[in-house]
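Structural description and commentary
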Amino acid sequence: MVHDMGKAMAKGHRSIGHGLEVTRKNLNEAEENIRRGLHTDHRAAEDGIHLKPGQNVLKKEDLEDEYRDAVSTRIDGLRQEGHGPQRHLDPTDQMLKDRLGVPTPPRMVDNQLEYHRMEHGYVQTERKIDPAHGPHGKQLPEPDRYMDAEDPTRRHKCGAFSTAFKPGEDEAFMHAERYARQQLDLSEDPLRPVRFPPGKAWGPGDHSERFRGFYIDPERPVTHGNINYKPVDFQGADLIAVYRRDERTGDVRLVTMYPEPVKERNK
Amino acid sequence: MMEFPQSIPHFSDDREVETFFRTMLGLEYIDDVHLHREWARGKKPSARHVREALEYLLRERPATSTQWARLTEVSFWEDDRLYGYLQKLYDYFYGDRADPPVPPDPEEIPPEKYWH
């Protein structure tokens, strides 16, 4: 380019040399100015972006990929801390249903099946499978299958509702956990659980569509041998985050985090 | 009919108190209640509020075992058993009871009236 311009100027091209005295000095200065311009990215200097040789500015898609990776890394980290994602983000719907167990055997009275009820009115169940065992929990031998994944000396417990974040709500899980962690009073020992409406973490609005869950229909627990599951209505649900301190390092670890529905909305 | 009695001290004005009863004495964590003994004996305002709430519960018995079950998912099946448990918990936290009380097994066979 410089070479071409030099030629153009040498030939006294009107568009360049018009009004200028074409001298060797001018020619050298023009070439030097162009050379300097090639080595200085004025825009980058103004924006504070400093690219090294071979580096490119990230495109929107690249930034999104990086963010997704960061979310995924954080959720993986939380999997190492406790069972939050394993029990309340990762499971399939079937695993959530299996967590509820099966109704304890009914009895027949006057040709009607009668079920055990818990005192809150929901049906009593047994043989609950902890989703934290992973997708193959159902294939574990008995009684391991029904024990807690973190404490195999205990039978797995689950209340009337088996609840989780919807698939793909990793980012929502991450932000909710971050909010909960900020609420911790670190002077407490043991750390107190954090209970909060999801809007505190995600902003105003009804966030119930981010959750999923099931309970067994109290009116008709079983029809023709099949358990009748009802989807949980999460309006007004709170999130509960439970933390503990690592005994060795003192690090704060998320034990679990789950949405707790309002019973009155789920009868 | 089933709302948990709001007359219990600090139940409405200190979220920690509700969370203590609902979650720490709830189905999933009641077996770990021993972890909270030192905290309960401590001087934190919420710890004092929990003690005041427990004392009120034991004195007035304002909640039925059914209301309790709807709050905590733990079925005691009858009021005497619920308050018996809470008295033992109180003695464990603040008195000289050595071991935490044992909560009911959620898979135990319920009383006759809970078949239907």
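Here, the structure is the one placed above.
Described below are features of the structure shown in this document. (Residues numbered from 1 in each chain as written. Chains lettered and ligands numbered in written order. Predicted model: local features only at pLDDT ≥ 70, side-chain atom pairs only at ≥ 80, totals over all residues.)

**Digging into the interface of chain A and chain B**
Counting residues at the interface gives 20 residues for chain A and 24 residues for chain B. Grouping the amino acids of the side of chain A that touches chain B by side-chain chemistry returns five nonpolar, four polar and eleven charged. (Contact = placed C-beta atoms within 7 Å. Nonpolar A, V, L, I, M, F, W, Y, C, P; charged D, E, K, R; others polar.)

**Examining unusual backbone geometry**
Residue and element names in this part refer to chain A. Of note, the amide linkage connecting E142 to P143 takes the cis form, showing an omega dihedral of 0°. Note that P143 resides in the loop between strand 4 (125-126) and strand 5 (162-165). Phi at N111 is positive, roughly 65°, even though this residue is not glycine. Its place among the elements puts N111 in the loop between strand 2 (107-109) and strand 3 (112-114). Given 5 C-beta atoms within a 10 Å radius, N111 is considered exposed. Within the chain, H224 stands out as a residue other than glycine whose phi angle is a positive 50°. Note that H224 resides in the loop between strand 8 (222-223) and strand 9 (226-227). (Helix = DSSP H or I, 4+ residues; strand = E, 2+ residues; numbered from the N terminus. Buried ≥ 20, exposed ≤ 12 C-beta atoms within 10 Å, placed from the backbone.)

**Let's talk about the sheet that holds strand 10 (residues 229-231) of chain A**
Residue and element names in this part refer to chain A. Spatially, the three strands line up as an open sheet ordered 5-7-10, and their pairing is antiparallel. With one partner strand each, in any of the chains shown, strand 5 and strand 10 form the two edges of the open sheet. Across the sheet, the mean angle from the axis of one strand to that of its neighbour is 20°, orientation sign disregarded. Relative to strand 7 (residues 211-216), strand 5 runs antiparallel, the two sharing four bridges. Pairing of T163 across the sheet is with G213, part of strand 7. Across the sheet, helix 7 (residues 93-100) is in contact with strand 5, strand 7 and strand 10; its angle to strand 7 comes to roughly 40°. (Pairing = 2+ DSSP bridges. Axes fitted to C-alpha atoms, helices over the stretch in contact; angles between N-to-C directions.)

**Observations regarding the environment of R195(A)**
Residue placement: R195(A) occurs in strand 6 (residues 194-196). By the C-beta count within 10 Å, which is 19 here, R195(A) ends up partly exposed. Sequence separation of R195(A) and T92(A) is 103 residues, and the distance between their C-alpha atoms is 25 Å. Sequence-distant contacts of R195(A), defined by excluding residues within four places in its chain, comprise D238(A), I240(A), R15(B) and T19(B).

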